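So the chains spell out like this:
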Amino acid sequence: MADRDEARDDILLAPIEQTGRGFYWAVALLSVPILWGALAYSVQFYEGLGVTGLHQPVSWGFYVTNFVFFIGISHAGTLISAILRLSKAEWRRPITRMAEVITCMVLFIGAGQILVDLGRPDRIMNVILYGRYQSPLLWDATSISAYMTASLTYLYLPMIPDIAILRDRLGGKRKLFYSVLALGWTGTEQQQRVLNRAIAVMAVLVIPIAVSVHSVVSFVFSMTLQPMWHSTIFGPYFVVGAIFSGIAALIVAMIIFRKAYGLQPYLKPIHFRYLGQLLLVMSLLWFYFTFAEYLTGYYGAEPEEMKVFWSKFSGPFWPFFWGMVLGNFIIPLICLVRLGQHTVGKVLTASLSVVVGMWLERFIIVVPTLSFPRLPFAEGIYWPTWVEWGETAGSFGLFALFYLLFTKFFPIISIWEIREGREAGLKEVEERLITYLPDEVEGKT
Amino acid sequence: MELPHSDFERLVRTLQWVWLGVAILLVGGIIIWIIHLIRTAWALDDVPSASIAISLVAIPIFIVLMSVVAYVFWGLRTHGRER
């Protein structure tokens, strides 16, 4: 039985054991935006932030938009995986690892945006040496550090049994690497108990940390008195948006690697159907929050707020605003309401549309308010230069490259969890189902 | 050239301790940083209550994270069997 399982799961180890031509093509392709980003950053590093489109009053543009976007995407993993794990959703098994990896990768990319936005990266030392906890920016630094640490731990712990499989299969230098990381895993019952307990603690811990991260990101805006930022619902609004974009990014990653590594037997249309339904629910929730946020501002009709409001609806930012509505609400609604046929294609279309829509949403939050500030600064429209475009392209390329490299070292689907599902899952689900149902009344036929 | 079995095992064990050390150093470093910010706020009389309030939440979280890693490290070492 064990041998049959091993042979059956060989496909999950294939990308680690062999490197095909596709891998090199992918790396070459991703190198283009990464090199563009590196060039853009080096120009900015030597010339200063003057080479960007940032100015007064718009001092936050693409970089802060990217920061909020990437930190939002990070909710894909840990939060979704933790919720599915805690609710014992059996269909989670092939998904959790992919989700957790997204979190870890984008957190580094997201946090890196702040370094880029600083212009002079050595200024980060000011935060470390003289940071003030009255500033929401420092709350951000603290909560992102906690989330990064928790996410790395939460990714690593469930990987230990899979790392042990690799340790036992592979030779050479890689054997040392996997032997160290496997921490002496031999799969005894006591070891399994220790690991399960630790994963359960992490799953509980990581949910409030994840929620706090995006709430705190929103506080960077809402703690100011700027028009259309000073809002009490920004915390939950940002969290909803983050989970929404996170699910979309997860679906896109799943579909790409399903195709590239032939994972169709593991990632079935039913997984995409469930995730698609979740995406639809989040789309409706996002629309509700957006509607509530804009209606409240409109009803108040405060002159400074209305300036920003109309700049989004029919002013210079209208293409971004309506693009956001199209991407986050209309297209997902059309694609996801009926998932009878072409499930994967429809879910992919909706997810790509949400990823673009959510980036526009972050842009539409950051830039219009700064363009029409409450204080009597000169008003000004922001337009990015090639430097910001390059850095943005480089960030996306770097994220994809990190993700790809991860799949060359570790299985992208948790092998032991799949095996556990086959061996013990069915019985466990049956027993659990019986406990959900009403007890049979004695003597009644 | 492959190392003899016992040397290999010793190297693995040493590197595992180094790995744990790095993890503790990372989390410990963040805790020390937070304490440094409280001390700075205190010395400058710059609303230290805010720093203390936030660190009352943050520091225990980092300690729990470190404890989980140490628990797994120790638990797997002591409950393994000969391969």
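What you see is a predicted model, and the numbers here were worked out from it, not measured in a lab.

What counts and what doesn't
- Residues numbered from 1 in each chain as written.
- Chains lettered and ligands numbered in written order.
- Predicted model: local features only at pLDDT ≥ 70, side-chain atom pairs only at ≥ 80, totals over all residues.
- Helix = DSSP H or I, 4+ residues; strand = E, 2+ residues; numbered from the N terminus.
- Rg over C-alpha atoms; globule rule 2.2 N^0.38 Å.
- Buried ≥ 20, exposed ≤ 12 C-beta atoms within 10 Å, placed from the backbone.
- Contact = placed C-beta atoms within 7 Å.
- Nonpolar A, V, L, I, M, F, W, Y, C, P; charged D, E, K, R; others polar.
- Expected span 1.5 Å × (residues − 1).
- Core = buried A, V, L, I, M, F, W, Y, C linked by C-beta atoms within 7 Å.
- Axes fitted to C-alpha atoms, helices over the stretch in contact; angles between N-to-C directions.
- Parallel < 35°, antiparallel > 145°, perpendicular 65-115°, else oblique.
- Left-handed = near helix turned anticlockwise from the far one by under 90°.
- Bend = angle between axes of the 7 residues up to and from the residue.

Colleague: Describe the overall build of chain A, listing the residues and the values that go with them.
Modeller: The helix and strand inventory of chain A stands at 18 helices and 0 strands. Computed over C-alpha atoms, the radius of gyration of chain A comes to 23 Å, within 12% of the 22 Å expected from 2.2 N^0.38 for 445 residues, which places it in the range of a compact globule. Viewed in the frame of its principal axes, chain A has a C-alpha envelope of about 75 × 65 × 45 Å. Across the 445 residues that make up chain A, the buried fraction comes to 46%. For chain A, the share of sequence-separated contacts (at least 6 apart) that also reach a separation of at least 24 residues comes to 82%.

Colleague: Tell me about the environment of P161 of chain A, and name the residues and values.
Modeller: Examined against the element boundaries, P161 of chain A turns out to sit in helix α9 (residues 160-169). Beyond its immediate stretch of four places on either side in the chain, P161 of chain A contacts W185, G187 and W416 of chain A.

Colleague: Describe in detail the interface of chain A and chain B, supporting the description with residues and values.
Modeller: Residue-level contacts link 31 residues of chain A with 33 residues of chain B. Elements that contribute at least two residues to the side of chain A that touches chain B include exactly α7 (124-130), α8 (136-156), α10 (173-182) and α11 (189-222) of chain A. Among the elements that take part in the side of chain A that touches chain B, α11 of chain A stands out by supplying 9 residues, more than any other. Grouping the constituent residues of the side of chain A that touches chain B by class yields 18 nonpolar, 12 polar and 1 charged.

Colleague: Tell me about unusual backbone geometry, residues and numbers included.
Modeller: Backbone phi values are negative for most residues with the exception of glycine, while trans is the configuration of most peptide bonds. A cis amide bond links Q56 of chain A to the next residue, P57 of chain A, at an omega of 10°. Unusually for a residue other than glycine, H342 of chain A sits at a positive phi of about 50°. Within the element layout of this structure, H342 of chain A appears in the loop between α15 (318-336) and α16 (343-371). Positive phi, normally seen in glycine, also occurs at D45 of chain B, with a value near 50°. By the secondary structure assignment, D45 of chain B is in the loop between α1 (5-43) and α2 (48-78). Residue class for D45 of chain B comes out exposed when judged on the 7 C-beta atoms lying within 10 Å of it.

Colleague: An account of the environment of N66 of chain A is needed here, citing residue identities and associated values.
Modeller: Residue and element names in this part refer to chain A. Structurally, N66 can be placed in helix α4 (residues 62-73). We classify N66 as buried; it has 26 C-beta atoms within 10 Å. Put simply, N66 and P411 are 345 residues apart on the chain and 29 Å apart in space, counted from C-alpha to C-alpha.

Colleague: Just give me the short version of α1 of chain B, but keep the residues and values in it.
Modeller: Since the α-helix turns once every 3.6 residues, residues separated by three or four places project in the same direction. Taking 1.5 Å as the rise per residue, α1 of chain B with 39 residues should run 57 Å; its terminal C-alpha atoms sit 56 Å apart, in good agreement. Within α1 of chain B, burial applies to V12, V27, I30, I34, L37 and A41 of chain B. The inward-facing, buried residues of α1 of chain B contact α8 and α10 of chain A together with α2 of chain B.

Colleague: Any chance you could break down the nonpolar core for me, citing the residues and the numbers?
Modeller: Core analysis: the largest hydrophobic core is formed by 138 residues, its most contacted members being I102, I247 and L250 of chain A. Top element by residues in this core is helix α12 (residues 234-260) of chain A. It accounts for 15 residues.

Colleague: Now, about the packing of α15 of chain A against α16 of chain A: what can you tell me, with residues and values included?
Modeller: All names here are of chain A. Relative to each other, α15 and α16 sit at 155°, their axes nearing to 8 Å. As the angle between them shows, α15 and α16 are arranged roughly antiparallel. The way α15 lies across α16 gives a crossing that is left-handed. Packed against α15, whose contacting residues are F320, F321, G323, M324, G327, N328, I331, P332, C335 and L336, the element α16 presents K346, T349, A350, S353, V354, V356, G357, M358, L360, E361, F363 and I364 at the interface.

Colleague: How would you sum up α2 of chain B? Please name residues and give values.
Modeller: Taking 1.5 Å of rise per residue, 31 residues should cover 45 Å, and α2 of chain B covers 43 Å from first to last C-alpha, within 8% of that figure. At S55 of chain B, α2 of chain B shows its strongest bend, of approximately 35°. Where α2 of chain B is buried, its residues meet α8 and α11 of chain A together with α1 of chain B.

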